[in-house]
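Structure at a glance
One letter stands for each residue in the lines below.
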Amino acid sequence: MGKHHLLHTSRTLFDATSHVPPEHAERCARVGLGLMLQAWVDDPLDGGLAESIRSIHGRHAYLFDPIPPVLAEALSTVASTWNMPEEDLEFLALFEQRDAEAALSYLDKELVSSNHLLYRLNQARQLAGIFGRSEWLVDRIRNLPLNNGALVSKILGDALFLAGELDDAVASYDAIEGGAEWPGLLFRRGNALARAGRLDDARESWRQSVERSPWLINALLVLHDAVSRADRSVARVPESCAVLLYCFDKSGELDATLDSLFAGEIGGSKVLVLDNGSGAETRDMLAGWTSRISAERLEVMRAPINVGAPGARNWLIREVVERGYEWTAFLDDDVELPADWLGRLSAAAKAYPEAGVWGAKVVNATVREAIQGADFTLEPDPGEQPSLGAQGEKVPSLLALSALHHFDPDYGQFRYMRPCASVMGCCHLFRTSTLEKSGGFDLRFSPSQFDDVDHDLGLLAAGTAPVYQGHLAVGHRRPFPHLANITWEQAKAAEANHYKLRAKHTAHMAKLLSKQEALLLDDINAKWRRLMDGGVIALGR
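These numbers come from a predicted model, not from an experiment.

Considering the overall build of the chain
A tally of helices and strands in the chain yields 21 helices and 10 strands. The C-alpha radius of gyration of the chain comes to 24 Å, within 12% of the 24 Å expected for a compact globule of 541 residues. The 541 residues of the chain split such that 55% are buried. A separation of at least 24 residues holds for 77% of the contacts in the chain among residues at least 6 apart in sequence. With the model as given, the accessible surface of the chain reaches about 23,500 Å², and the carbon-plus-sulfur share is 52%. Across the chain, 55 positive and 73 negative side-chain charges occur, with their mean positions spaced 4 Å apart.

A few points about empty space enclosed by the protein
All chains considered together, the criterion is met by one cavity of 30 Å³ or more. What the largest cavity holds in volume is close to 50 Å³. Around the largest cavity sit M1, Q38, D42, G184, F187, R188, N191, Y411 and Q413, which together line it. Looking at the lining of the largest cavity, the elements that each hand over two or more residues are α2 (22-42) and α11 (185-195). Counting residues per element, the lining of the largest cavity draws most heavily on α11, which supplies three residues. Here the residues of the lining of the largest cavity are counted per class, giving three nonpolar, four polar and two charged.

Examining the nonpolar core
W40, I53, L121, L127 and W182 are the most contacted members of the largest nonpolar core, which has 115 residues in total. If you tally residues by element for this core, the top one is helix α9 (residues 149-163), at 10 residues. Leave out the neighbours within four places in its chain, and W182 touches W40, V41, V70, L71, A74, A150, K154, I176 and E177. The next biggest cluster of nonpolar side chains, apart from the first, holds 42 residues, and it includes L286, M417, M424 and L472.

Some thoughts on the confidence of the model for the chain
Taken residue by residue, the chain gives an average pLDDT of 92. The fraction at 70 or more is 95%. Across residues 388-392, where pLDDT falls below 50, the model places four contacts with residues more than four positions away in sequence or in other chains.

Side note on the environment of E96
With respect to the element layout, E96 can be found in helix α5 (residues 89-96). We classify E96 as exposed; its relative accessible area is 54%. Along the backbone, E96 and A287 are 191 residues apart, and their C-alpha atoms lie at a distance of 40 Å.

Digging into the packing of α9 against α11
Between two packed helices, both the angle of their axes relative to each other and the distance between the axes serve to describe the pair. Running from N to C, α9 and α11 point in directions that differ by 30°, and their axes come no closer than 11 Å. Comparing the axis directions of α9 and α11 gives the class roughly parallel. By crossing handedness, the relation of α9 to α11 is classed as left-handed. Of the residues in α11, those in contact with K154, D158 and F161 of α9 are L185, R188, N191, A192 and R195.

With respect to the environment of L94
The topology assignment puts L94 in helix α5. Distance in space between the C-alpha atoms of L94 and L104 is 9.3 Å, their sequence separation being 10 residues. With residues near it in sequence (within four places) discarded, L94 still touches D99, A102, A103 and Y106.

Regarding the layout of surface pockets
The volume enclosed by the second largest pocket comes to roughly 1,500 Å³. Lining of the second largest pocket is provided by 45 residues; of these, H5, T9, E379, P380 and L404 occupy positions nearest its centre. Listed by contribution, the elements that provide at least two residues to the lining of the second largest pocket are α1 (3-16), α2, α13 (217-228) and α21 (509-533). Among the residues making up the lining of the second largest pocket, the classes are represented as 27 nonpolar, 12 polar and six charged.

Some remarks on the state of the cysteines
Taken as a whole, this structure holds zero disulfides when the rule is applied. Among the cysteines around C241, which has no disulfide bond, C427 carries the closest sulfur, lying 11 Å off. Not engaged in a disulfide, the cysteine C420 finds its nearest cysteine sulfur in C426; these two sulfurs lie 13 Å apart.

A closer look at the pattern of salt bridges
Here the idea is simple: oppositely charged side chains can pair when their charged atoms come close. Applying the stated criterion across every chain, the model contains 43 salt bridges. For R344, the salt bridge is made with D340, and the minimal N-O distance between the two is 3.2 Å. Linking K504 and D454 is a salt bridge whose minimum nitrogen-to-oxygen distance equals 3.0 Å. Placement of the pair is K504 in helix α20 (residues 488-505) and D454 in helix α19 (residues 451-461), with a sequence separation of 50 residues. Since its relative accessible area comes to 34%, K504 is described here as partly exposed. Within the structure, one salt-bridge network assembled from shared partners comprises K3, D42, D43, D46, R125, K154, D158 and R188.

Considering the packing of aromatic side chains
Counted according to the given criterion, the structure contains 11 aromatic pairs. Taking the centre distance of 6.2 Å and the plane angle of 85° together, the rings of F330 and F441 count as edge-to-face. Pair noted here: F330 is in strand β4 (residues 327-331) and F441 is in the loop between α18 (432-438) and α19, with a separation of 111 residues, a long-range link. An identical accessibility class is assigned to F330 and F441; each is buried. Look at F430 and F441: their rings are 6.5 Å apart centre to centre, the planes differ by 90°, and that puts the pair in the edge-to-face class. Of this pair, F430 sits in strand β9 (residues 427-431) while F441 sits in the loop between α18 and α19, placing them 11 residues apart in sequence. By relative accessible area, F430 is classed as buried at 0%. The exposure class assigned to F441 is buried, which follows from its relative accessible area of 4%.

Cut-offs used in this document
Residues numbered from 1 in each chain as written. Predicted model: local features only at pLDDT ≥ 70, side-chain atom pairs only at ≥ 80, totals over all residues. Heavy atoms only, no water. Helix = DSSP H or I, 4+ residues; strand = E, 2+ residues; numbered from the N terminus. Rg over C-alpha atoms; globule rule 2.2 N^0.38 Å. Buried < 20%, exposed > 50% of the residue type's maximum accessible area, 1.4 Å probe, protein only. Contact = heavy atoms within 4.5 Å. Areas by Shrake-Rupley, 256 points an atom, 1.4 Å probe, with all protein chains shown as cover. Lys, Arg positive; Asp, Glu negative; His and termini not counted. Charge placed at Lys NZ, Arg CZ, Asp CG, Glu CD. 1 Å grid on protein atoms, 1.4 Å probe; cavity = no way out; pocket = protein on both sides within 12 Å on 5 of 7 lines; lining within 4 Å. Points joined across faces, edges and corners; volume = space filled by probe spheres on them. Nonpolar A, V, L, I, M, F, W, Y, C, P; charged D, E, K, R; others polar. Core = buried A, V, L, I, M, F, W, Y, C linked by side-chain atoms within 4.5 Å. pLDDT = per-residue confidence, 0-100. Axes fitted to C-alpha atoms, helices over the stretch in contact; angles between N-to-C directions. Parallel < 35°, antiparallel > 145°, perpendicular 65-115°, else oblique. Left-handed = near helix turned anticlockwise from the far one by under 90°. Disulfide = S-S within 2.5 Å. Salt bridge = Lys/Arg side-chain N within 4 Å of Asp/Glu carboxyl O. Phe/Tyr/Trp six-rings, centres within 6.5 Å; stacked < 30°, edge-to-face > 60°.

Next up, the structure:
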C-alpha cells in the first residue's frame, strides 16, 4: 500500500525484466504496470504519473492487456489537463507556517481562478487529510468544473470516506463504470462498507479485491482478520498488570491521559506514574488524582530531575519486577485511549503468544484520519542517510522503518494484526519477564527518541518479534511529525540518536532483515492457506 511504496516496487519489477527469463520478464512488467495503476488510483490527480502509465502502455502494448476504457479515459483527462505553476512559494510559505485557514483560503482562491486546477485540487486533498478538513474538500469537489465523471466519483468518494459519509462514499465508488477493474478500488470500497457497519458486503468486496490483485497484501490481511473475527476480538484484561507512565511538565496532557485511562476497562491493573522532575503545576495535578483514586489503583513516584525516557522506563521496570507483576503496559503522557485498549492488546498477545511486545496503530488525537505509526517494518533499501561520525570512521549500515502510513490518510488499510519490526512506544504491552530478560532500555538514547525502536529490534533479533495490533487505534496528542514545531536542538538530538541506532545494529542488519522476511512470509502464507482451505478465496476462479 501507499503510492511511493507501490512505485518503488514497480520500478524494481521493471528493472528485473532485463535479467530474468523472458516468461518471468513479461510477468514482472505486467505486475509492475498494475502497481503503477494502483498508485495512480490512490492519487488520481498526479498528471505526471498518468502520462507515464499511458506512455509505457503505449510503447509496449503487446505486453499488456488493454486498460479498461473508463480508466483509460480518466488517465487521459488528467495527463492532458494537469499542469503545475513554475513556482509555488506563497503556498509553501503558508504550509510551513502550519496555518490551516490561510492555506485553505489561498487554495479556495486558486481553485476558482487558477490555470492549474488539478494541481491545486491535489494540494487541497493533501491539506484536507493533514488538517482534518474533509467536509471542506467535499464541498469544493462538488462545485468544481470537472468534466470526467469517473475521476470526480473517485476523488469525491475518498473525500466522503474521510468525512464519515460512508454510504455516500460507497455510492460514489459504485458510480464508476467498471470500477472493479480500477486496482485497489474494491479494497477501499470494502473498507468504507466495514466502517459503515455493512460487514457482509465489506467481506465480499475484500474477497474480490484479493482475487483480482493477490499482491495487495493489506487486503488479504484485512479479509483474514474479518473472517477469523480477529478484528472484533477483545480478550480478558490480565489479572496481574501494571500500567506505567512517566511525565515531564505536561500537566494538561497527562491529566487528559489519566482521564481516558481510568474511564477505560483496565480491571485491577495498578497505575504507576513517575513524575520525571516536573514543576509545581504537574505535581499539584497528580496530587489531585491521588486524592480521588485509591492507592491500590494509582501510585505516583517522583524523580528529583528529568532522567530521560529510557531512564524513566527502567526506573518503572525495576518497580514492577520487584512487585511481581506478570504484565506491563507503557503509555505516553499524551495519549487518548479507547475503553477497550488493554483488552485489544491482550487479544493480540493471545493471537501471537510468542511475541515480545504488542503495540497499537497510533493516530493524531485531533485529526483521527492522520496515522502517526502503523506496522513498522525494516526497509531493505532505506536510501541515503547522513554520516555523523568522525572523519575516517566506518559508516554504519543504513536503517529505516517503513513509512507507508505517512503518505495516505486512514482509509482502513492498516486494520489488521501481524508481526513487525517495531511498534509505537506510546502504547504497548509486554510480559514483565521479557523486559527483565532484555535488561531494559538503553540509556545511550537519552533523553529521548529511538530507545523503544532499539528495544524492539533487540526483540526481533532474539526471535520474539513485536506484533502490530491494527484493530486498536490510540490517539496521540503530539502533532503529526511534519506539523510539530520542534527546536533545532531536538531535531539534531533525534538525528544523533538515529545514528546511534544504526551503529548499534549495523553488525546484524542482514540477520534482522532475514528474520523479518521469514516472519512476514510465514504469517502471510498461513493466512493464505486458511482463506483458501476455508473456501473464502479461490485464485483463478
